[in-house]
Structure formats: structure tokens, C-alpha cells
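Here are the chains, one letter per residue:
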Amino acid sequence: MTGLFSYPKRHLRKLVKDGDYLEAIEFGKNLEKKHSDPDLLFMIASIYYLNGDAQNTLLYLDKTLTLNQNDTEALLMKANLHLYLKDKEQAADCCERLRKIDPQNKEIDEILDKLEKL
């Protein structure tokens, strides 16, 4: 099944690479209806992130983490987004979860340092 699903993901990446974010979001949402895949959900979250849509980014990051609670990239993006939104408690929670999964991740300390300066 992975091979069958790789073409749509490649197409989605191409849309993003070409800067066609709105088309990419629409295409991604259509794929989501057929496939509940954490990688796809993270890709959609990333597109919303690039588009500056914090609420939908968080929605898709939460969907991603529901399917894979140990997704370090999703947790890192979510921590950075909460930092940007100045939501200290949520950012710190993401960092704490990240620390349990990847204790050597240096970005955690960077985020926590920035949180202290808020």
C-alpha cells in the first residue's frame, strides 16, 4: 500500500515546492478523506504553517500526534508555534513530551530559553 500512496504524496510535495499552497491544501484534504496517514497530516500541517494559518496548523499537528504521539517533528513544530503564539504552557508541555522521546534534542533547550525570555 505504501507504493500506491507515494505518488499522491510526491504530487503534494511538488505543489508545495511550486508555491501552490491553496491547491496543495485542497489536494491534501482530499487525500486525507481516503488515507489516515500521520505523514500526510504532518505535510498538511506544514502547508498551513507556511501559509501562516496557526489554527489549522495546530489542528493538523494534533491529528498527526493522535496517530503518532512520538512524532518528534510534529511536537517540535507545535512547540515552536506555541512559542510564536506566546502560549508558554503549551510550548513547555510539547518540550517536556519531546524530552521524553528525544532527550538529546538541542532545539528543546533553545525553545525553553526563548520561553524564559517571554
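The structure we're discussing is the one just above.
A brief report on the enclosed structure follows. (Residues numbered from 1 in each chain as written. Predicted model: local features only at pLDDT ≥ 70, side-chain atom pairs only at ≥ 80, totals over all residues. Heavy atoms only, no water.)

Brief notes about the nonpolar core
Note the following rule: The term nonpolar core refers to a set of buried residues drawn from Ala, Val, Leu, Ile, Met, Phe, Trp, Tyr and Cys, joined through side-chain atoms within 4.5 Å. Relative accessibility thresholds used throughout: buried, under 20% of the residue-type maximum; exposed, over 50%; partly exposed, between the two (1.4 Å probe, protein chains only). Think of it this way: any DSSP run of H or I at least four residues long counts as a helix, any run of E at least two long counts as a strand, and we number them from the N terminus. Residue contacts are defined here by distance: any two heavy atoms, one from each residue, within 4.5 Å place the two residues in contact.
Counting residues in each nonpolar core, the largest one holds 29 residues, and the members touching the most others are L12, Y60, L61 and I111. Of all the secondary structure elements, the ones that give two or more residues to this core are α1 (2-17), α2 (21-34), α3 (38-50), α4 (54-67), α5 (72-84), α6 (88-101) and α7 (106-117). Leaving out residues up to four positions away in the same chain, L61 has contacts with F42, A45, A74, M77 and K78.

Notes on a negative patch on the surface
So the rule is basically this: The patches reported here contain residues having more than 30% relative accessible area and no salt bridge. Joining distances are 9 Å for like charges and 5 Å for nonpolar side chains (Val, Leu, Ile, Met, Phe, Trp, Tyr). In these tables, accessible area is a Shrake-Rupley quantity obtained with a 1.4 Å probe, and a residue counts as shielded only by the protein chains included in the view. Take a side-chain nitrogen of Lys or Arg and a carboxyl oxygen of Asp or Glu: if they are within 4 Å of each other, that pair is a salt bridge. Think of it this way: Lys and Arg go in the positive column, Asp and Glu in the negative one, and His and the chain ends go nowhere. Charge coordinates come from a single atom per side chain, which is NZ of Lys, CZ of Arg, CG of Asp or CD of Glu.
Side chains of E107, E110, D113 and E116 sit close together on the surface and give a patch of like negative charge. Residue position: D113 is located in helix α7. Among the residues examined, D113 registers a relative accessible area of 42% and is labelled partly exposed.

Brief notes about the pattern of salt bridges
If you walk through the whole model with that rule in mind, you get 6 salt bridges. D37 is the partner of K9 in a salt bridge, and the nearest nitrogen-oxygen pair spans 2.7 Å. Highlighted residues: K9 in helix α1 and D37 in the loop between α2 and α3, separated in sequence by 28 residues. The class of D37 is buried, set by a relative accessible area of 16%. Beyond isolated ion pairs, a larger network of salt bridges with shared partners links K9, D37 and D39.

A look at α7
Residues spaced three or four apart along an α-helix point in a common direction, a consequence of the helix completing one turn every 3.6 residues. Put simply, the rule is: For a helix, the expected span equals 1.5 Å multiplied by the number of residues minus one. The directions considered for the arc run from the helix axis to the C-beta atoms. In protein, a polar contact requires one atom able to donate a hydrogen and another able to accept it; more generally it is a pair of N or O atoms within 3.5 Å, and residues adjacent in sequence count only if both atoms are side-chain atoms.
Here α7 is 12 residues long and its end C-alpha atoms lie 18 Å apart, about the 16 Å a rise of 1.5 Å per residue gives. Residues of α7 that are buried include every one of I108, I111 and L115, and no others. Taken down its axis, α7 places every buried residue within 70° of arc, on the same side. Opposite the packed face of α7, turned more than 90 degrees from it, sit the exposed residues K106, E116 and K117. Structurally, α7 contributes buried residues whose contacts are with α5 and α6. Where α7 begins, the capping side chain belongs to N105, and its oxygen is found 2.9 Å from the backbone nitrogen of E107.

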